[in-house]
Amino acid sequence: MLRWDSPLAELPRMTAAKVRSLHEGGLFTVHGLLRHYPRRHEDRKKFPSFPQAAGSSPLCLRGTVTATKASYFGRRMQFTLTLTENSDRVAAASVQCRWFNVRYLPKILTAGQDLIIHGRPRALKKGGIVFDHPDFEVLETDAADSALIHLNRIAPVHPSIGTWSPRMLRRLIFETFAQLSDQDIPQLWPCTQAEPVTATTGRTLTTAHALRAIHFPESLDKLEAARTHLAREELFEMQCVLARQRARQTGGSAPLITRQSPLLAKFLKSLPYELTAAQKRVLAHIFDDLATGHPMNRLLHGDVGSGKTIVAATAMLGAVAAGHSAALMAPTQVLAHQHYENFRKLFEPLGIPVVLRTAARKEKSGPAGPRIVIGTHALLFAPDTVGRPALVVIDEQHKFGVRQRAKLSAQKPHPHALVMSATPIPRTLALTLYGDLDLSLLDEMPPGRVPIRTLVRSHEKLDEAAAFLRQKLDEGRQAYLVYPLIEESTRTALKAATAEYERWRERLAPHACALLHGKLKADEKDAIMQSFRTGQTRVLVSTTVIEVGIDVANATVLLVENAERFGLAQLHQLRGRVGRGAEKSWCILLAGKDADEKLDRLQILEQAADGFAIAEADLAIRGPGDLLGTAQTGLPPVRLAKLPQDLALLEEAREQARRLLSSDPELTRHAALRGRLAYWEKQLFAGVA
Ligand code: ADP
Ligand code: MG
C-alpha cells in the first residue's frame, strides 16, 4: 500500500529516469502527484458523431486513422491525417487533422490506429472539416488498461510533465489511487460541513472523495462539486496562513496612543480644509486600534488624491502627542523628500521636529525626544537608525508584500503599522495579498476636484499633442511627460530616454525642461523636483519615478508616450499627478509606433475615473495569475479556485480561518492543518531571512 507522503519511487513500474522527470516537474510525493490537477476532462462515455460543419466549441471524437501524409515546403513540414468514424455505414464520415512542423508525428501516427482527438472543427474552403493541431491520444485497444482507465469514462487530461504524456499520467494517478486508502488522505478541516449532501451517497463530500473525483469524476456535476470542495480547502489553507500572520502581528503589546490630546485638536483646527467624512471614519478606525495596547496592523487604501497623507499625518501626530516617535516610509527618495517638505510645513509650527532619513542622508539627527522621521523603505529594517518609532506608516508601492510585512512583524517590540496603498485594491486581492491586514477604505474625494480629461490617441497625433502642450505651457501651466523605461538600469535605455528628452526640449523651447530618472543621485533628484515645485522647471520629462504621490498643483498636463506598455492601474496612478488644483487638467495617452491596435485596452481610462473600476478591469485583463504568483508572495498556491469568480468562497474561507484560529490558536485539535501551516510559514519567512 502507498501512503500520502510516499516518495514517487514506490509507485508501480517506476524507473529512476521516470522519477527524475517527475521531480523536474516539481512532483516528489504521492501527495504532490495527486495535486497535479487535470487541465480538462473529456467525456469518453459516448462520442459524438463526426461533425458536418464548423463549430466554436471543442469536440472529442474517436475514429480510425485511414490515411496519413507528410508534405515538405522547404524547411517547413505539414502532417495531415484522415480520421474516419467507426460505423457500419458504407460511406463513413471522416475529418482531416493537420499539424505544422511537428516532426515526430509521422513516426507515431499511422494508418489503422484507433485515435481520440480533441479540438475545434473548422470548415475547409474546398469542402470538408479540419482540426488544426488537435490534442490526440492513440488507443491501444488490445491493452488491458484501455477500457478500464482511458475509455468509458470522463477522462482527465493532465498537463504533461517531461517525458510523461497525459495518457501516462492518467494511468499513474489511477493506479496510485487504487493503492491508497481514503483514510490516508488528510482532511485539512471539516469545511465539508458547509458542503451539500450528495444525492447518491447521502453523505457529505470528504477531501478523499473530492480528490478522487477531480481526477476521475463520475459525472460533470460531481466534477464541479469536487472542484468547489478542493478550492474551498486551498483558500482556507491560505487564509489560515494569513490569519496566523495577522495574529502574530497584532499579538504583542504596543504603546497606548489616544486621540484625547489638545495638540491633535489644535492641529485639525489649523488645517485649511475640513476632513471628508471618509477621512474621519478612517481616523476613528485607526485611533481605535492605537488604543488597544496591541499593535495596529491596518491597510489604508483609497483612490489617487483621496487624501491619505493627512490621515497618516494625524495618526503620527497622535503618537508624538503621546510621547513617542513616528516614522513614515516612502518607496522612493523623491517621494520621501516631498513628504518631508510637507510634514515640515505641518508640524514645525507646532514645535515638532521632522527629520529626513534616506540611504543618501542618514545624519541630521534632531534633538532627543519624540519626533517625526521620514525615510525610505530600506530603513524599515534598521529600526535603530529611525529611533524605534511607536507608529510606522508605510506609503506603499506594490513591492512591500506579505513577506516584507512578515519580516517587519518579527521586530521586537513590534510597532503599530499603517500600510497605505497607492492604488485601490480589488476585493479579491485585499483578501489574499493583503489578507493579513485590517482594511480601511477612503471612498470619498475631497470636494472641489476638477475632473481630468483623458485622451487616448494614435502615434500620428504626436505633433498635435506637442502643440497642445506648448499652448498650455504658454498659458503658464506645467506638465509631466512620461517615457516608459522597462529596464531602467541598462545604458541603452537611458540613452533612449536622454535622446527623447533632447527632442522634447527642442520642441518646447524656450520652456525649461528637466529629465528625472532612477539613475540620478538623490540630491540631483531633489534639486530637479525642487525646481519643478517652485515653477522654474516647466516640464518634467520622467520615467515612472513620478508615479507615486508627487503633488504639484500647477501641473495640469500629463503626456504618456508608448502608453500601451503600461498597465491600466499604473496609468490611472500616473494620471493622478494632475488635477490637483483648481485648473482643468489633461491626460494624453499616446500609443507607440505601430501599437495603435493595442489602444482598445486603454479606452476604459477615457470613460472611467474611478480607480476601483479600473483596478478590477486591470485584474480581469491580466488575470490574477501574476498578482497571486505564489512564488513571490510565499502563500499557498491557488490552483483550483477561480478568482475573482470564487470571491464568495474566499470570503467564507477567511471567516472560517479566523474563527478556527481564535478558538484553537495552536491547532491542537487539527494536526494535519498544523503541519501544513508550519510548512507554509517556513516558506514565508525563508524569503526574507
Ligand atoms: P493621496 O491619497 O493620493 O496620497 P494626498 O494625500 O496627496 O492624496 O492628497 C491629495 C490632495 O488633497 C492634497 O493636496 C491634500 O492637501 C488635499 N486634501 C486632502 N484632504 C483634503 C480635504 N479633506 N479637503 C480638501 N483637500 C484635501
Ligand atoms: Mg499619496
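As the structure is a prediction and not an experimental result, all values here were calculated from the model.

Section: unusual backbone geometry
Phase 1 of the analysis: At the junction of Ala509 and Pro510, the peptide bond is cis and its omega measures out at 5° in the coordinates.
Phase 2 of the analysis: Checked against the element boundaries, Pro510 lands in the loop between helix 15 (491-508) and strand 19 (513-516).
Phase 3 of the analysis: Phi is positive for Asn562, which is not a glycine, with a value near 50°.
Phase 4 of the analysis: Inspection of the secondary structure assignment puts Asn562 in the loop between strand 21 (555-560) and helix 17 (568-575).

Considering the site of ligand 1
Phase 1 of the analysis: Near ligand 1, the surroundings consist of 16 residues, among which Glu274, Gln279, Gly305, Thr309 and Arg449 are the closest.
Phase 2 of the analysis: Separating a nitrogen atom of ligand 1 from a side-chain N or O atom of Gln279 is a distance of 2.9 Å.
Phase 3 of the analysis: Arg580 places a side-chain nitrogen or oxygen 3.4 Å from an oxygen atom of ligand 1.
Phase 4 of the analysis: Surface burial for ligand 1 is 80%, taken as the share of its 570 Å² of free accessible area covered by protein chains.
Phase 5 of the analysis: Split into classes, the residues belonging to the shell around ligand 1 amount to four nonpolar, six polar and six charged.

What to know about the sheet that holds strand 7 (residues 129-132)
Phase 1 of the analysis: Pairing is mixed in the open sheet, where seven strands are placed in the order 6-7-4-3-2-5-8. In this open sheet, the two strands that pair with only one neighbour each are strand 6 (121-123) and strand 8 (135-139). Pairwise comparison of adjacent strand axes, ignoring direction, gives a mean angle of 40° for this sheet.
Phase 2 of the analysis: Where strand 5 (residues 114-119) meets strand 8, five bridges bridge the pair, whose relative direction is antiparallel. What sits directly across from Leu115, in strand 8, is Val138.

A word on the side chain of Arg44
Phase 1 of the analysis: If you trace the backbone, Arg44 turns up in the loop between strand 1 (40-43) and strand 2 (59-73).
Phase 2 of the analysis: At 3.0 Å, the side chain of Arg44 and the backbone oxygen of His150 are in polar contact.
Phase 3 of the analysis: Once you skip the residues sitting within four places of it in the chain, Arg44 turns out to touch Ile116, Glu137, His150, Leu151, Asn152, Arg153, Ile154, Ala155 and Arg170.

Side note on the confidence of the model for the protein
Phase 1 of the analysis: With 90% of its residues at a pLDDT of 70 or more, the protein has an overall mean of 86.
Phase 2 of the analysis: In the model of the protein, helix 20 (residues 630-633) stands out as the element of lowest mean pLDDT, 52, in contrast to helix 9 (residues 277-290), which has the highest, 97.
Phase 3 of the analysis: Predicted confidence for residues 192-202 stays below pLDDT 50, and this span has 17 contacts to residues more than four positions away or in other chains.

A look at the nonpolar core
Phase 1 of the analysis: In terms of nonpolar packing, the biggest core is built from 74 residues, with Phe343, Phe347, Ile372, Ile374, Tyr480 and Val560 touching the most fellow members.
Phase 2 of the analysis: It is helix 10 (residues 308-321) that provides the largest number of residues to this core, a total of nine residues.
Phase 3 of the analysis: By size, the runner-up hydrophobic cluster in this structure holds 60 residues, among which are Trp4, Ala213, Ala243 and Leu650.

Observations concerning the packing of helix 6 (residues 207-215) against helix 7 (residues 220-251)
Phase 1 of the analysis: The interhelical angle for the contact between helix 6 and helix 7, taken along N-to-C directions, is 125°, at an axis separation of 8 Å. The angle between the axes of helix 6 and helix 7 places the two elements in the oblique class. At the point where helix 6 passes helix 7, the crossing takes the left-handed sense. Every residue of helix 7 that contacts helix 6 at Thr207, Ala210, Leu211, Ala213 and Ile214 is listed here: Lys222, Leu223, Ala226, Arg227, His229, Leu230 and Glu233.
Phase 2 of the analysis: Across the contact of helix 6 with helix 7, the residue classes break down as seven nonpolar, two polar and three charged.

The rules behind each value
- Residues numbered from 1 in each chain as written.
- Chains lettered and ligands numbered in written order.
- Predicted model: local features only at pLDDT ≥ 70, side-chain atom pairs only at ≥ 80, totals over all residues.
- Heavy atoms only, no water.
- Helix = DSSP H or I, 4+ residues; strand = E, 2+ residues; numbered from the N terminus.
- Near = heavy atom within 4 Å.
- Polar contact = N/O pair within 3.5 Å; in protein donor to acceptor, adjacent residues only side chain to side chain.
- Areas by Shrake-Rupley, 256 points an atom, 1.4 Å probe, with all protein chains shown as cover.
- Nonpolar A, V, L, I, M, F, W, Y, C, P; charged D, E, K, R; others polar.
- Pairing = 2+ DSSP bridges.
- Axes fitted to C-alpha atoms, helices over the stretch in contact; angles between N-to-C directions.
- Contact = heavy atoms within 4.5 Å.
- pLDDT = per-residue confidence, 0-100.
- Core = buried A, V, L, I, M, F, W, Y, C linked by side-chain atoms within 4.5 Å.
- Buried < 20%, exposed > 50% of the residue type's maximum accessible area, 1.4 Å probe, protein only.
- Parallel < 35°, antiparallel > 145°, perpendicular 65-115°, else oblique.
- Left-handed = near helix turned anticlockwise from the far one by under 90°.

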